[in-house]
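Coordinates in review
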Amino acid sequence: MSSNHKRPPSALIFIFGGSGDLNHRKLSPALFNLYIDNWMPEKFDIVGISRRPYDDNSYRNHLLNGINKFSRRKDDQNGAWAQFAEHIHYLQMDAENEAEYQKILEIVQQKEQEYGEHPQVIFYLAVAPQLVPGIVSKLGPLNICADTKCTRVVVEKPFGHDLKSALELNKLLASMFDEKQIYRIDHYLGKETVQNILALRFANALFEPIWNRNYIDHIQVTVTETVGVEGRGEFYESSGALRDMVQNHILQLLCMVAMEAPVNFDADEIRNKKVDVLHAIRKISKDQVHNHAVRGQYGAGWLRAEEVPGYRQEKNVAPDSDTETFAAVKFHIDNWRWQDVPFYVRTGKRMNEKETIITIQFKAAPNYAFPPEAADTWRPNRLTISIAPEMDIRLRFQAKRPGQGVSLSPVDMIFSYKDAYTEEEPEAYETLLLDVMEGDATLFMREDQVAAAWRIIMPILEAWTDRPPVDFPNYSPGSWGPEDAEALIARDGRNWVTLPPPHKE
Ligand code: BG6
């Protein structure tokens, strides 16, 4: 959880990839929402950088289109857009040409004079991963980047393609910037419900005493989507579900659930506790991968009455592609708290539901005192943290049904954000961008976290590369993934949990 916010000091934000999808869908809607909520600094400017020929006006219109489509608050918000838009500028520049970086320095100088002070300078790299090293090595030598207090660089995932490239990228970043200037974004950490995991665990007396191997049978993390690769075939071909979702988002969720209590909410304290979890995750040896991990790829079929292409028929995807669009893994955490408690995780595209849930399955209570018929509906307690589509936390427990005799049934006690609060929750990118402007790195990935996460998934990646799949495509759109994923958990006498119907889209 990031600390309480203050309105940040003056800021100049450069967005590389200014005409790209991420800025269009996420960053500019987030910045506009921060502006409406009075969180933007008193003095600020945003400069979109890309090669396309926009001028300030056409660029602003392009961003407004994105807001109208993708923001939680659409339209110009009673004229707020016109005021906000004055802070948006466009810089046409070729980021591969070193000489053009002078243009950035000129803007910084000009804004410094206008503001009457040196602003924080934030470089947001919203570009394809292969462009990141080139930009970093041209930005780094600019004298403003030596200012470790005021200049920051925000790097989007993926951080590298594997352990080796991630270490190289980290090394390059470290040669140009101080670690505290580097903000590696994993947008899952900015999600309201994800941050609430820490409040749930550490601000209540109820859960923490039983949050361990003595009471918990196993934990599940499900992050499924109904969408396919959505025109990102080229990127996805070199990524796949394990790199795209497990190495980052899912391992981060797992850390939040499994970490020890922090001593305070300092960025490094929280990140130390998380990295401890990553270090304790048992390495799966390459020859054991088939017992711990399952991959899948969607075929063509029907989803919600719509005919959809298979992955191999998507644009920019090889017709014989071996890229996985589904991954399920069983992890173990070898420490005092979690020894012998399996963590099952799964993620996939074109699945039955868009669902991000964490399930804490408690062990069964002894039921010998109840009559045998009560055992029919005997279910162990379960805590489900739902991040999407609904934001809620539900606790399942046994209740006696009204009437004579003892008949039990499991019931859910639900805390729903929508019902409990009138405030609209901010989008993850709003929280994260505000944190960058404030200089709070708690919700960002540190260098060692990234490397530790790659070390965990490398054996799986290697085993899968060595042994190409023989059964792709192996799941239909609208299903819950390949049969082998069911078998992975069924072998242990367990089953995957999904949200009950009322909470489905
Ligand atoms: C991104 C992945 O990081 O997260 C996408 O690259 C995925 O493939 C997305 O669709 C899911 O994010 P969310 O917030 O919609 O769950």
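Let me sum up the structure you'll find in this document.

What counts and what doesn't
Residues numbered from 1 in each chain as written. Predicted model: local features only at pLDDT ≥ 70, side-chain atom pairs only at ≥ 80, totals over all residues. Heavy atoms only, no water. Salt bridge = Lys/Arg side-chain N within 4 Å of Asp/Glu carboxyl O. Helix = DSSP H or I, 4+ residues; strand = E, 2+ residues; numbered from the N terminus. Buried < 20%, exposed > 50% of the residue type's maximum accessible area, 1.4 Å probe, protein only. Phe/Tyr/Trp six-rings, centres within 6.5 Å; stacked < 30°, edge-to-face > 60°. Patch = residues over 30% accessible without salt bridge, like charges linked within 9 Å, V, L, I, M, F, W, Y side chains within 5 Å. Areas by Shrake-Rupley, 256 points an atom, 1.4 Å probe, with all protein chains shown as cover. Near = heavy atom within 4 Å. Polar contact = N/O pair within 3.5 Å; in protein donor to acceptor, adjacent residues only side chain to side chain. Nonpolar A, V, L, I, M, F, W, Y, C, P; charged D, E, K, R; others polar. Pairing = 2+ DSSP bridges. Axes fitted to C-alpha atoms, helices over the stretch in contact; angles between N-to-C directions. Contact = heavy atoms within 4.5 Å.

1. Observations concerning the pattern of salt bridges
Within this structure, the stated rule accounts for 32 salt bridges. For the salt bridge of Glu 424 with Arg 72, the shortest nitrogen-to-oxygen distance reads 3.4 Å. Of this pair, Glu 424 sits in the loop between α12 (417–420) and α13 (428–438) while Arg 72 is found in the loop between α2 (56–70) and α3 (80–85), placing the two residues 352 residues apart along the sequence. Under the relative-accessibility criterion, Glu 424 is labelled partly exposed at 47%. Ionic pairing is found between Lys 111 and Glu 114, a salt bridge with its closest N-O pair at 3.2 Å. Of this pair, Lys 111 and Glu 114 both sit in helix α4 (residues 102–115), three residues apart, which is roughly one turn of that helix.

2. Digging into the packing of aromatic side chains
Each aromatic ring pair is summarised here by two numbers: the centre-to-centre distance and the angle between the ring planes. What the rule picks out here adds up to 24 aromatic pairs. Seen from their ring centres, Phe 16 and Tyr 101 are 6.2 Å apart, and the 25° between their planes marks the pair as stacked. Taken together, the residues Phe 16 in strand β1 (residues 11–16) and Tyr 101 in the loop between β3 (88–92) and α4 connect sequence positions 85 residues apart. Given a relative accessible area of 1%, Phe 16 falls into the buried group. Both rings, one in Phe 370 and one in Trp 378, keep their centres 5.4 Å apart while their planes meet at 55°; by these two values the pair is tilted. A residue is classified by how much of its surface remains accessible, and Phe 370, at 37% relative accessible area, is partly exposed.

3. As for the environment of Glu 234
With respect to the helices and strands, Glu 234 occurs in helix α8 (residues 233–237). According to the relative accessible area criterion, Glu 234 is exposed, its value standing at 60%. Placed 80 residues apart in sequence, Glu 234 and Glu 314 show a C-alpha to C-alpha distance of 9.7 Å.

4. A word on a nonpolar patch on the surface
A grouping of Phe 397, Val 411 and Met 413 is seen on the molecular surface, where their side chains present a nonpolar patch of about 240 Å² in accessible area. Along the polypeptide, Val 411 turns up in strand β16 (residues 408–416). Val 411 sits in the partly exposed class, given a relative accessible area of 31%.

5. Points about the site of the ligand
Taken together, the residues surrounding the ligand are Lys 157, His 187, Tyr 188, Lys 191, Glu 225, Arg 232, Asp 244, Met 245, His 249, Lys 349 and Lys 354. Here Glu 225 contributes a side-chain N or O atom positioned 2.5 Å from an oxygen atom of the ligand. Between Asp 244 and the ligand, the recorded distance is 2.6 Å, taken from a side-chain N or O atom to an oxygen atom. Protein burial of the ligand: of its 400 Å² of free accessible surface, 81% is covered by the chains. Considering only residue class, the shell around the ligand consists of two nonpolar, two polar and seven charged.

6. Regarding the sheet that holds strand β2 (residues 44–50)
Taken in spatial order, the six strands make up an open sheet running β3-β2-β1-β4-β5-β6, and their pairing is parallel. The sheet is open, and its two edges are formed by β3 and β6 (182–184), each paired on a single side. Mean inter-strand twist for the sheet, computed between neighbouring axes without regard to direction, equals 20°. The sheet contact formed by β2 and β3 spans five bridges and is parallel. Note on β3: the bridge partner recorded for Gly 48 is Tyr 90. Packing against the sheet, helix α1 (residues 21–36) makes contact with β1, β2 and β4 (120–125), and its axis sits at approximately 165° to β1.

7. Digging into the sheet that holds strand β11 (residues 326–331)
Read from one edge to the other, the open sheet built from eight strands follows the order β8-β11-β12-β7-β13-β14-β15-β16, with strand pairing classed as mixed. Each of the sheet's edge strands pairs with one partner strand only, and the pair in question is β8 (293–296) and β16. Pairs of neighbouring strands in the sheet enclose a mean axial angle of 15°, with direction left out of account. Pairing analysis gives eight bridges linking strand β7 (residues 216–224) to strand β13 (residues 355–362), with the strands arranged antiparallel. Its bridge partner being in β13, His 218 is matched across the sheet by Gln 361. The strands touched by helix α9 (residues 241–258) are β7, β11, β12 (343–348), β13 and β14 (382–388); relative to β12, the strand with the most contacts, the crossing angle is about 140°. Docked against the sheet, helix α15 (residues 483–490) engages β7, β8, β11 and β12, running at close to 10° with respect to β11.

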